Amino acid sequence: MARKTYAQAILEASRQLLATDERVFVFGQGLWSPWYVGTTMTDLDKEFGRGRVLDSPVSENATTAAGVGAALSGMRPIIVHPRMDFMILAMDPIVNQAANWSYMFGGQRGVPLTVRSIVNRGGEQGAQHSQALQAHFLHVPGLKVVLPASARDAKGLLVAAVRDGNPVIYIEDRWLYEVADEVPDAIYETEIGKAQVRQEGTDVTVVAASWMNLVVSRALPALADAGISVEHVDLVTAKPWDRDTIVASVRKTGRLVVADSGWLTGGLASEIAAGVGEAAFASLKAPIRRFALPDVPAPTSRTLEMAYYPGPEDLVAMVRGLVR
């Protein structure tokens, strides 16, 4: 056990997967350059060779389609998209191919494909380089979607995704790369489909996905000072999401805020709000609230970015209003 950053945890998981399973290889843009993927792939090409850590051409569709074919052939590919925005160009092999083949083959052949999709934010990158598109993949049967928010889960979920046997969309956020916590040295899995209660409380449940967990953790001291007891639930997995844990929490607190790093309309927060409304309506003491990005493209101006991305003070105001 040692303290590692989120990025170091991804690097360690990748190294251990490559070392222990000859079927694993990594394919994507800029894997030999820290400018693209930060420190999540540092020197793995030197350690395992460029036949297993392949820097791809700038062709998201072809790269992902090659991964689907390799998975169908028995390999365990990890396809890396250093900017999630451009995964849109790979929607055909993900949605039409990877998600459907096991069903169409009657379960006789799986597609053990892991797609690492990196969300970039801030730094005046603008509308085409700042998008969190998890809601696109929630709608598709046959896909699993995970959103690690801690270094421990970043490692465990990547291992679990590669070993799962089904196509898994693994969504990481660069704003989490320097977040650190205690991570086991040995290889291990974090259960897909299981949420984690980070803090118990009695007044309101706040369910958060990905980077929003960092916002929640920074808001908790101010809410405690205001006398509000928050149950903080890290969603961990967006599909399938852990209905049992979340519904049980809401039945205890009677209030729910869902914090998602994507846009408000038609997003992950909306799906969870609807599911909890169906299962625990009688327990609610107040309307469910969604905490997410406004329904506009990300701005380029640094000043506008500060207004665009909701922060801890915005969450504190929403929770206080809900409890009152």
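The following paragraphs examine the structure supplied in this document. (Residues numbered from 1 in each chain as written. Predicted model: local features only at pLDDT ≥ 70, side-chain atom pairs only at ≥ 80, totals over all residues. Heavy atoms only, no water.)

1. Focus: the pairing of strand E10 (residues 204–208)
- The buried count for E10 comes to five of five residues, which makes it a mostly enclosed element.
- Across the two faces of E10 the burial is the same, with Val204, Val206 and Ala208 and Thr205 and Val207 all buried.
- Handedness of the E10-helix H9 (residues 212–225)-strand E11 (residues 230–234) crossover: right-handed.
- Pairing of E10 with strand E13 (residues 256–263) involves four bridges; the strand directions are parallel. (Buried < 20%, exposed > 50% of the residue type's maximum accessible area, 1.4 Å probe, protein only. Helix = DSSP H or I, 4+ residues; strand = E, 2+ residues; numbered from the N terminus. Right-handed = clockwise from strand over helix to strand, strands pointing away. Pairing = 2+ DSSP bridges.)

2. Quick look at the nonpolar core
- Counting 62 residues, the largest nonpolar core has Trp211, Val257, Phe291, Leu315 and Val319 as its most contacted members.
- When near neighbours in sequence (up to four residues on either side) are disregarded, Val319 contacts Val204, Val206, Leu223, Ile228 and Val257. (Core = buried A, V, L, I, M, F, W, Y, C linked by side-chain atoms within 4.5 Å. Contact = heavy atoms within 4.5 Å.)

3. Remarks on the environment of Ile171
- Along the polypeptide, Ile171 turns up in strand E7 (residues 168–173).
- Judged by its relative accessible area of 1%, Ile171 falls in the buried class.
- The sequence separation of Ile171 and Leu133 amounts to 38 residues, and the corresponding C-alpha distance is 9.1 Å.
- If near-sequence neighbours (up to four positions away) are discounted, Ile171 is found in contact with Tyr6, Met84, Ser117, Val119, Gln134, Val145, Val146, Leu147 and Pro148.

4. Topic: the pattern of salt bridges
- Inspection of the entire model under this criterion finds 16 salt bridges.
- A salt bridge links Asp173 to Arg121, with the shortest nitrogen-to-oxygen separation between them at 2.7 Å. Taken together, the residues Asp173 in strand E7 and Arg121 in the loop between strand E5 (114–119) and helix H7 (134–138) connect sequence positions 52 residues apart.
- By relative accessible area, which is 4% here, Arg121 ends up buried.
- Arg163 is paired through a salt bridge with Glu189; the nearest N and O atoms lie 3.1 Å apart. Taken as a pair, Arg163 in helix H8 (residues 151–164) and Glu189 in the loop between strand E8 (180–183) and strand E9 (196–199) lie far apart in primary sequence, 26 residues in all.
- The class of Glu189 is partly exposed, set by a relative accessible area of 46%.
- Members of the salt-bridge network, linked through shared partners, are Lys4, Glu12, Lys155 and Asp185. (Salt bridge = Lys/Arg side-chain N within 4 Å of Asp/Glu carboxyl O.)

5. Details of helix H5 (residues 91–98)
- For H5, every residue scored as buried is listed here: Pro93, Ile94 and Ala98. Along the axis of H5, the buried residues cluster in a sector spanning 100 degrees; they form a single face.
- Buried residues belonging to H5 abut helix H4 (60–72), helix H6 (101–104), H7 and E7. (Arc of directions from axis to C-beta.)

6. A closer look at the side chain of Thr205
- Note on placement: Thr205 falls in strand E10.
- Owing to a relative accessible area of 0%, Thr205 belongs among the buried residues under this scheme.
- Excluding its chain neighbours within four sequence positions, the residues that come into contact with Thr205 are Glu231, Val233, Ser249, Val250, Thr253, Arg255, Leu256 and Val257.

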